[in-house]
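Here is how the chains run, residue by residue.
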Amino acid sequence: LAQEEKACDCDSLVAKAKQDVETSLTATIEDLKRQLQELTAQSANKDHEIAKLRNEVETTKTAVESQVQEWKAKLDATGQALSNAQAQAEEGRTTVQSIKVSLEQAERDLAHAKEQVTKYESQHFFVNV
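So, a few notes on the structure that sits alongside this text. All values reported here derive from a predicted model rather than from experimental measurement.

Calculation criteria
Along each chain, numbering runs from 1 in the same order as the chain's sequence is written. This being a predicted model, a pLDDT of at least 70 is required before a residue's local features are given, and a value of 80 or more before pairs of side-chain atoms are given or counted; all residues contribute to the totals for chains, interfaces and linings. Note that water and hydrogens are dropped before the side-chain values are worked out from all heavy atoms of the structure. Strands are runs of DSSP state E lasting at least two residues, helices are runs of H or I lasting at least four, and both sets are numbered from the N terminus onward. Burial status follows relative accessibility: with a 1.4 Å probe on protein chains alone, a residue under 20% of its type maximum counts as buried, one over 50% as exposed, and anything between as partly exposed. We get accessible surface area from the Shrake-Rupley algorithm with a probe of 1.4 Å; when it comes to residues, only the shown protein chains can shield them. Without a salt bridge and with relative accessible area above 30%, a residue can belong to a patch; like charges are then joined within 9 Å and nonpolar side chains (Val, Leu, Ile, Met, Phe, Trp, Tyr) within 5 Å. Salt bridge criterion: a side-chain nitrogen from Lys or Arg within 4 Å of a carboxyl oxygen from Asp or Glu.

Some points on the overall build of the protein chain
Secondary structure assignment for the protein chain yields one helix and zero strands. Within the span of the protein chain, comprising 129 residues, buried residues form 0% of the whole. When the accessible surface of the protein chain is summed, it comes to about 11800 Å², and 60% of that surface belongs to carbon and sulfur atoms.

With respect to a nonpolar patch on the surface
Together, Val 21, Leu 25 and Ile 29 give the surface a local cluster of nonpolar side chains, amounting to about 270 Å² of exposed area. Summarising the element assignment, Leu 25 is placed in helix α1 (residues 2-128).

Here's the deal with the pattern of salt bridges
Across all of its chains, the model carries six salt bridges by this definition. Asp 20 is the salt-bridge partner of Lys 16, the closest N and O atoms lying 3.1 Å from each other. Residue Lys 16 and its partner Asp 20 are located together in helix α1, separated by four residues, close to a single helical turn. Taking the relative accessible area as the measure of exposure, Asp 20 reaches 39% and is therefore partly exposed. The salt bridge partner of Arg 34 is Asp 31, with a shortest N-O separation of 2.4 Å. Note that Arg 34 and Asp 31 are positioned in helix α1 at a spacing of three residues, about one turn of the helix. Owing to a relative accessible area of 39%, Arg 34 belongs among the partly exposed residues under this scheme.

It is worth stressing that arrangement in space is one thing and function is another; only the former is reported here.
As structure tokens, this is what we get:
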């Protein structure tokens, strides 16, 4: 009888231990499922944040590239305007130099004409006297 009671106690202890293990494992499994759901939700939120940041980066990149193109166009236009102004200035210098040469020639021609007039007047003065 004592042996039967020991066997019964053992069966009871095994059954209790089995029940405790099942309860503990069930709680652990439920906890892990809850953690998995939380991590899945966090991951989805992070994926959403990453997509949002990528979109912002792309928008900013596009805006910056557009601004850079605008600045390049302005720089090119300014460079062209500078080249045109330099060409006009050079053309102006050439024109001024040409006018100077023509003026110098005109002054020489005028001086020569004055000499001729003086010579002519002196010849006629002596002829008429």
